[in-house]
Amino acid sequence: MATRYWVVSLPLQNSPASSLWSRLQESISKNSFDTPLYRFNVPNLRVGTLDSLLSLSDDLVKSNNFIEASSHKIRRQIEELERVSGINSSSLTVDGVPVDSYLTRFVWDEARYPTMSPLKEIVDGIHVQVAKIEDDLKVRVAEYNNVRSQLNAINRKQTGSLAVRDLSNMVKPQDLITTEHLVTLLAVVSKYSQKDWLSSYETLTTYVVPRSSKLLHEDNEYALYTVTLFNRDADNFRTKARERGFQVRDFEYNSETQESRKQELEKLMQDQETLRSSLLQWCYASYGEVFTSWMHFCAVRVSVESILRYGLPPTFLSVVLSPSVKSEKKVRSILEGLADSSNSTFWKVDDEGGMGGFGGDADAYPYVSFTINLI
């Protein structure tokens, strides 16, 4: 699939559209046969006054950039969701056909955008619709990312080092002694300090139960040990342990808390999957909506710019091409020859690299031309 297309219109120069189309096809096939070429069918739209067209043209480029950016944003979101979900990315469709096919076989939707409506009304309607979809996307993505963030925070606690991670899954009730006088503490010891711990923990304070330390768990950096001592000596032991480089973790086993955490994790995982699936389906549908609106917008744009360039009544041939990078100059030359504009030199690149015409517009040629980037 090509990802970059030119939308071009050429003046008819007192010849029928079919004749100019045949000449264009012949020139492309002879000189740039690898360039796909299609008619871009623009209906007869309600022109209005020249002043209204000039006013509208000022906003067309800005609106196009906004709609194109929205299209790309939704596409990137789809790709990200498919990657996370392990779905093999498939080509997106619009109204049941591939994206490039919808563009190259574009047909104006009269029911959705009546051609007798003022052009500004059509353009404003498209802009409002796309803006609403973009706002909805922000809300839905924020909701999904919020759940992901909560899950990531829990996972960090589950997968971090023993110095920071949740210890619930490593400590069993039988590992702990909690009575009126005795308490079991959990000490995190550097793996390089394990011998030091085992030789010194009994003498850190006076009331430590001899040989009470037991290894519960190890990771790449730390080991988790228990130690039992008199309750009244616990704070003093924490202080002495910290002075020797041992970290005593606060921990209290509670079966209800454990079950609550487990249920919270399961609910978050379920919520994440539901939101991901829902967001992906919404993105598929919304991408089609935005792309459909974008192509109708492009039809309005090529019509407005053609009338402002060639005058009234609107007499032009609009086409879609997708030349390769190496064929661009050749195709531009063909189009310029068919435009046959008496002032074509006005639109050519000047000696300093700037464009003539429309204040340095990068797509300023002796014919109407603008680019559609699908991705």
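Conventions and cut-offs
Residues numbered from 1 in each chain as written. Predicted model: local features only at pLDDT ≥ 70, side-chain atom pairs only at ≥ 80, totals over all residues. Heavy atoms only, no water. Helix = DSSP H or I, 4+ residues; strand = E, 2+ residues; numbered from the N terminus. Rg over C-alpha atoms; globule rule 2.2 N^0.38 Å. Buried < 20%, exposed > 50% of the residue type's maximum accessible area, 1.4 Å probe, protein only. Pairing = 2+ DSSP bridges. Axes fitted to C-alpha atoms, helices over the stretch in contact; angles between N-to-C directions. Phe/Tyr/Trp six-rings, centres within 6.5 Å; stacked < 30°, edge-to-face > 60°. Lys NZ or Arg CZ within 6 Å of the ring centre and 35° of its normal. Expected span 1.5 Å × (residues − 1). Arc of directions from axis to C-beta. Contact = heavy atoms within 4.5 Å. Parallel < 35°, antiparallel > 145°, perpendicular 65-115°, else oblique. Left-handed = near helix turned anticlockwise from the far one by under 90°. Nonpolar A, V, L, I, M, F, W, Y, C, P; charged D, E, K, R; others polar.

**With respect to the overall build of the chain**
When you go through the chain residue by residue, the secondary structure sums to 8 helices and 10 strands. Relative to the 2.2 N^0.38 estimate, which gives 21 Å for 375 residues, the radius of gyration of the chain is 35 Å and therefore markedly larger than a compact globule would have. A principal-axis box enclosing the C-alpha atoms of the chain has dimensions of 105 × 45 × 35 Å. Taking all 375 residues of the chain together, 44% fall into the buried category.

**Digging into the sheet that holds strand S5 (residues 182-190)**
A sheet is described by the order of its strands in space; here 4 strands give the open sequence S6-S7-S5-S8, paired in antiparallel fashion. Every interior strand has two partners, whereas the edge strands, strand S6 (214-218) and strand S8 (247-249), have only one. With strand direction ignored, the average angle separating the axes of adjacent strands in the sheet is 35°. One ladder, built from 9 bridges, connects S5 with strand S7 (residues 222-230); its direction is antiparallel. By the bridge assignment, Ala187 is partnered in S7 with Tyr225.

**Re the packing of aromatic side chains**
Tallied over the entire structure, the rule returns 12 aromatic pairs. Taking 6.1 Å as the distance between ring centres and 70° as the angle between the ring planes, the aromatic pair formed by Tyr102 and Phe291 counts as edge-to-face. Of this pair, Tyr102 sits in helix H3 (residues 99-104) while Phe291 sits in helix H7 (residues 255-310), placing them 189 residues apart in sequence. Both residues of the pair, Tyr102 and Phe291, belong to the buried class. Judged by centre distance (5.2 Å) and plane angle (85°), the rings of Trp197 and Phe246 are edge-to-face. Placement of Trp197 in helix H5 (residues 194-200) and of Phe246 in the loop between helix H6 (234-243) and S8 is noted, with a sequence separation of 49 residues between them. Across the pair, Phe246 and Trp197 agree in class, each one buried. A network of ring pairs unites the aromatic residues Phe40, Tyr102, Phe106, Tyr287, Phe291 and Trp294 as a single cluster. We note Arg332 situated over the ring of Trp6; from NZ or CZ to the ring centre the distance is 3.6 Å. Seen from the ring of Tyr365, Arg332 lies directly overhead, with NZ or CZ sitting 3.9 Å from the centre.

**Quick notes on helix H1 (residues 17-31)**
The terminal C-alpha atoms of H1, which comprises 15 residues, lie 21 Å apart, in line with the 21 Å expected from a rise of 1.5 Å per residue. Those residues of H1 not exposed but buried are Leu20, Trp21, Leu24, Ser27 and Ile28. Angularly, the buried residues of H1 cover 130° about the axis, an arc narrow enough to put them on a single face. Turning to H1, the residues buried within the fold contact strand S1 (4-11), strand S2 (37-39), strand S9 (316-321) and helix H8 (328-339).

**Re the packing of H1 against H8**
Look at H1 against H8: their axes get within 10 Å of each other, and the N-to-C directions meet at 155°. Judged by the angle between their axes, H1 and H8 are roughly antiparallel. Pair H1 / H8 crosses with right-handed handedness. On H8, the residues that touch Leu20, Arg23, Leu24, Ser27, Ile28 and Asn31 of H1 are Lys330, Val331, Ile334, Leu335 and Leu338. Across the contact of H1 with H8, the residue classes break down as 7 nonpolar, 2 polar and 2 charged.

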